[in-house]
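Reading the structure
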Amino acid sequence: SGLLASGVTASGMTVSWLYYTCCSHPAEIEEACRRQILRCRTDEELVTVSLQPIPFGDVNIVLPLTRGAMALQQQIYTGLQRVTGDVVFFVENDVLYHPSHFAFRPARADVFYYNLNLWRVRYADGHAVRTRICRQVSGLCADRELLLAHYKRRVERFTAEGGFDRRVGYEPGCNHKPRGIDDTQAEDWRSALPNLDIRHRKTMTASKWSPADFRNKQWAEGWEETDAAIPGWGRPADVMA
């Protein structure tokens, strides 16, 4: 559906993009990802939350925090308080988004939606891998009020417990009680063409380059790897060149 007015879709939903960065990743990666975000953008609201001032977005919010899992939760929650769209796409500083990713619109306001069409690309040599199911916060889109309520609970709970709890995980809707945040459900979808998650030495979560790297082998189902051209992008080794 095309845009009718500033950030308004034919479905009547307004759309915001929330970008967050720790400002510690290789500059060439972050700059390439920002350029791609701008190529994808029409006139959606773009709010950025960073740990240092950056010249990016309609508004840039700077938080005086130290890079880490807890800071990430606080950055997202702060950004969700500022965005105004009915629907929010999370956009990360080391993911190359294909324009087809942003064509999606949630069917329900009470569900978290994850785009599973993703390749993980090793920055050192361009080798790319993917699995059948890979839910990442970088591919999350949902109703703003749903996200805001969830991240409010996250920040309040982790603050009360003294820090981020890895048993809860990063992905809303993917880890329920007793250790989860709430019982909200998640659903999956796939964009027409894939996003590329650039994996590098400063990536916060561990990279997996073999099915043997998975403790739970169900998450290795559908394992693929390639150095050949990826539809919509070309050869992974050439993407960041």
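Notes on the structure in this doc start here.

Rules behind the numbers
- Every chain's residues receive numbers from 1 upward, in the order its sequence appears when written.
- Reporting in this predicted model follows two pLDDT cut-offs: at least 70 for local features of residues, and 80 or more for side-chain atom pairs to be given and counted; totals over whole chains, interfaces and linings ignore these cut-offs and use all residues.
- Values reported for side chains reflect all heavy atoms of the structure, with hydrogen atoms and water molecules removed beforehand.
- Note on conventions: DSSP H or I runs of at least 4 residues are helices, E runs of at least 2 residues are strands, and numbering of each starts at the N terminus.
- For the radius of gyration, the atom set is restricted to C-alpha positions; the globular benchmark scales as 2.2 Å times the number of residues to the power 0.38.
- Three labels apply to residues, based on accessible area from a 1.4 Å probe with only protein chains included: buried if under 20% of the type maximum, exposed if over 50%, partly exposed otherwise in between.
- Whether two residues are in contact is decided by their heavy atoms: any pair within 4.5 Å suffices.
- Methods summary: accessible areas were calculated by the Shrake-Rupley approach with a probe of 1.4 Å, and residue burial reflects only the protein chains presented.
- Counted as positive: Lys and Arg. Counted as negative: Asp and Glu. His and the chain ends are not counted at all.
- A charged residue contributes its charge at one atom only: NZ of Lys, CZ of Arg, CG of Asp or CD of Glu.
- Two strands are said to pair when DSSP picks up at least two bridges between them.
- Between 30 and 60 degrees the pair is tilted, below 30 it is stacked and above 60 it is edge-to-face, where a pair is any two Phe, Tyr or Trp rings, Trp via its six-membered ring, whose centres lie within 6.5 Å.
- In this analysis the charged atom, NZ for Lys or CZ for Arg, is taken to sit over a ring once it is within 6 Å of the ring centre and within 35 degrees of the ring normal.
- Lines fitted to the C-alpha atoms define the axes, with helices restricted to the stretch that makes contact. Angles between their N-to-C directions range from 0 to 180 degrees.
- The term salt bridge refers to a pairing of a side-chain nitrogen on Lys or Arg with a carboxyl oxygen on Asp or Glu at a separation within 4 Å.

Now for the overall build of the protein chain. Assigned secondary structure in the protein chain consists of four helices and 14 strands. At 17 Å, the protein chain has a C-alpha radius of gyration in line with the 18 Å of a compact globule built from 241 residues. Relative to its full complement of 241 residues, the protein chain shows a buried share of 52%. If you take every contact in the protein chain between residues at least 6 apart in sequence, the share linking residues at least 24 apart comes to 69%. Of the roughly 11,000 Å² of accessible surface on the protein chain, 51% is carried by carbon and sulfur atoms. Where the 30 positive side-chain charges of the protein chain centre and where its 29 negative ones centre are 4 Å apart.

What follows concerns the sheet that holds strand β13 (residues 195-199). Strands sit in the order β7-β13-β9-β10-β14 across an open sheet of five strands; the sheet is mixed. Edge positions in the open sheet fall to β7 (95-96) and β14 (224-226), since each of these has one partner strand only. Taken together, the two bridges between strand β9 (residues 118-122) and strand β10 (residues 128-130) define a ladder with antiparallel strand orientation. Note on β10: the bridge partner recorded for R120 is V129.

Of all five residues making up β13, five are buried, and the element is well covered by its neighbours. Residues N195, D197 and R199 of β13 are buried on one face, and the alternating residues L196 and I198, pointing to the opposite face, are buried as well. The sheet contact formed by β9 and β13 spans five bridges and is parallel. If you follow L118 over to β13, its bridge partner there is N195.

Once that is clear, we can look at the packing of aromatic side chains. Scanning the entire structure with this criterion turns up eleven aromatic pairs. Relative to Y151, the ring of F90 has its centre 5.9 Å away and its plane inclined at 55°; by these criteria the two rings are tilted. Placement of F90 in strand β6 (residues 87-92) and of Y151 in helix α3 (residues 144-161) is noted, with a sequence separation of 61 residues between them. For Y151, a relative accessible area of 0% gives the class buried. Through a chain of ring-to-ring contacts, three or more aromatic side chains come together here, namely W17, F89, Y97 and F102. Between the NZ or CZ atom of R122 and the centre of the ring of W209, over which it lies, the distance is 4.8 Å. A cation sits over an aromatic face here: K208 above F214, 5.5 Å from the ring centre.

Here we come to unusual backbone geometry. Positive phi outside glycine occurs at C23, with the angle close to 65°. Along the chain, the position of C23 falls in the loop between β3 (15-21) and α1 (27-40). Judged by its relative accessible area of 22%, C23 is partly exposed.

The next thing to look at is the sheet that holds β3. Taken in spatial order, the seven strands make up an open sheet running β5-β4-β3-β6-β11-β8-β12, and their pairing is mixed. Of all strands in the sheet, those bounded by a partner on one side alone are β5 (59-62) and β12 (185-189). Each strand of the sheet is rotated relative to its neighbour by a mean of 25°, with strand direction disregarded. With four bridges connecting them, strand β4 (residues 45-50) and β5 associate as parallel partners. The residue of β5 that forms the bridge with V47 is V59. Here helix α2 (residues 69-82) sits on the sheet and contacts β3, β4, β5 and β6; the angle it forms with β3, its principal contact strand, is near 150°. On the sheet, α3 packs against β6, β8 (111-115) and β11 (140-143) and is oriented at approximately 105° with respect to β11.

Before going further, it helps to spend a moment on the pattern of salt bridges. For side chains bearing opposite charge, pairing can occur when the charged atoms are close. Scanning the entire structure with this criterion turns up 16 salt bridges. Two residues, D58 and R41, come together in a salt bridge whose shortest N-O distance is 2.7 Å. Residue D58 is located in the loop between β4 and β5, and its partner R41 is located in the loop between α1 and β4; the two are separated by 17 residues in the primary sequence. D58 gets classed as partly exposed once you look at its relative accessible area, which sits at 48%.

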